[in-house]
Amino acid sequence: MGRVEGKVVAITGAARGQGRSHAVRLAEEGADIIALDACTDIEVAQYPMATVEDLKETVRLVEQTGRRIFSRQVDVRDRAELQNAIDDGVAELGRLDVVIPNAGISVLGPDRPLTAFTDTVDINLVGVINTIHATLPHLSETASVIVVGSMVGLIPDRGDPGPMGPGGLGYSLAKSTLIQYVNTLALQLAPSGRRVNALHPTNVDTDMIQNESVWRLFRPDLEHPTREEGNASFAMIHGMPIPCLDPSDVSHAVVYLASDESRYVTGNQFKIDAGALLKRGVW
């Protein structure tokens, strides 16, 4: 306990899924939280986004640990509103030590419109950059930026998206571009003692993948595949015998990168993929 005692952490996409898991786990280790989420549906997505009630539940869970939390509805595509939210959160909690630009969408399928590509890039790439750039003026001298990427970004040969469609291509583009962004920004911030790293998980057990539109991509032979049938297909991509990670599996790595234990770790691309990339010959 106390591995990030006294730190303040800003997290986007904090209303549920990985974002909520990171917020609660960090609060358990002593951090105060700035929790941001749009809490509104994305028209092109085939699954519902987090709600205001979801964000309230994150607030409740963090407060239950005894830590402070500032929350606001804000879309990471709106740089001005995002900047206002960050400024207000820092003003209320007093400082900023860690930023986790976690908000993202995954809109898959060959029948999706071009907005599946543009919305994905706007949120998963531009939204990440907006978040980091809005926080840079506030980050402490030993601050840690933790980008939530994906193992997809580490897979080469992104040509025809096939069944993943324009949204899948946008997702791959966003996550692969973030790799170069992390490396470049890490060099820029290193002289100040601030750090930037990326985590690249495989499928995580959240609403982003646990919905019928994704299950159907993996099981096109079934009209209405179930969660169990989807998980059976997910498991086939891994070297280890699991269908997907629990959000807490990623949160444990987040705590390490947020803490002073990793004070000299920067510019790293951490895989949390149950051997999926090794199975594909990606070393």
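The name that an unreviewed UniProt entry assigns to the protein is NAD(P)-dependent oxidoreductase, with the source organism given as Microbispora tritici. Its UniProt record gives the protein the following Sequence similarities (unreviewed entry) comment, quoted word for word: "Belongs to the short-chain dehydrogenases/reductases (SDR) family."

S.K.: Just give me the short version of the pattern of salt bridges, but keep the residues and values in it.
M.R.: Inspection of every chain in the model, using the stated rule, returns 18 salt bridges. Taking the shortest distance from any N to any O, the salt bridge between E5 and R67 comes out at 3.2 Å. In this pair, E5 is assigned in the segment before β1 (8-12) and R67 in the loop between α2 (52-64) and β3 (69-73), connecting sequence segments 62 residues apart. Given the relative accessible area of 52%, E5 is considered exposed. Between R60 and E57 there is a salt bridge, with its nearest N and O atoms 2.7 Å apart. Of this pair, R60 and E57 both sit in helix α2, three residues apart, which is roughly one turn of the helix. Linked through salt bridges whose partners overlap, the residues forming this network are E5, D32, R67 and R68.

S.K.: Before we move on, could you go through the nonpolar core and cite the residues and values that matter?
M.R.: V9, I11, L26, I33, I100 and I146 are the most contacted members of the largest nonpolar core, which totals 33 residues. Other than its neighbours up to four places away in sequence, V9 contacts L26, A31, D32, I33, I34, L96, V98 and I100. By size, the runner-up hydrophobic cluster in this structure holds 31 residues, among which are V8, L82, I132 and L185.

S.K.: I'd like a description of the sheet that holds strand β6 (residues 195-201), backed by residues and values.
M.R.: Sheet architecture is open: seven strands sit in the order β3-β2-β1-β4-β5-β6-β7, paired in parallel fashion. The two strands at the open ends of the sheet, each matched to only one other strand, are β3 and β7 (269-272). When the angles between neighbouring strand axes are averaged without regard to direction, this sheet yields 15°. Sheet analysis places β1 next to strand β4 (residues 96-100), joined by three bridges and oriented parallel. Bridged to A10 within β4 is V99. Each of β1, β2 (32-37), β3 and β4 is contacted by helix α3 (residues 79-93), which is oriented at about 165° to β3, the strand it contacts most. Sitting on the sheet, helix α8 (residues 247-258) is in contact with β4, β5 (139-148), β6 and β7, with an inclination near 170° to β6.

S.K.: Break down the packing of α3 against helix α4 (residues 115-135) for me, with residues and values.
M.R.: Between α3 and α4, the least distance of the axes is 9 Å, while the angle of their chain directions is 40°. Put simply, α3 runs oblique to α4. Considering how the two elements wind past one another, α3 and α4 form a crossing that is right-handed. In this structure, α3 uses R79, L82, Q83 and I86 to contact α4, whose residues at the interface are N130, T131, H133, A134 and T135.

S.K.: For the side chain of T58, give the residues involved together with the corresponding values.
M.R.: Considering the arrangement of structural elements, one finds T58 in helix α2. Since its relative accessible area comes to 0%, T58 is described here as buried. Beyond its immediate sequence surroundings of up to four residues, T58 is in contact with A14, A15, R16, R20, A23 and I69.

Reading the values: rules and limits
- Residues numbered from 1 in each chain as written.
- Predicted model: local features only at pLDDT ≥ 70, side-chain atom pairs only at ≥ 80, totals over all residues.
- Heavy atoms only, no water.
- UniProt positions renumbered as here; feature names shortened; annotations may be inferred.
- Salt bridge = Lys/Arg side-chain N within 4 Å of Asp/Glu carboxyl O.
- Helix = DSSP H or I, 4+ residues; strand = E, 2+ residues; numbered from the N terminus.
- Buried < 20%, exposed > 50% of the residue type's maximum accessible area, 1.4 Å probe, protein only.
- Core = buried A, V, L, I, M, F, W, Y, C linked by side-chain atoms within 4.5 Å.
- Contact = heavy atoms within 4.5 Å.
- Pairing = 2+ DSSP bridges.
- Axes fitted to C-alpha atoms, helices over the stretch in contact; angles between N-to-C directions.
- Parallel < 35°, antiparallel > 145°, perpendicular 65-115°, else oblique.
- Left-handed = near helix turned anticlockwise from the far one by under 90°.

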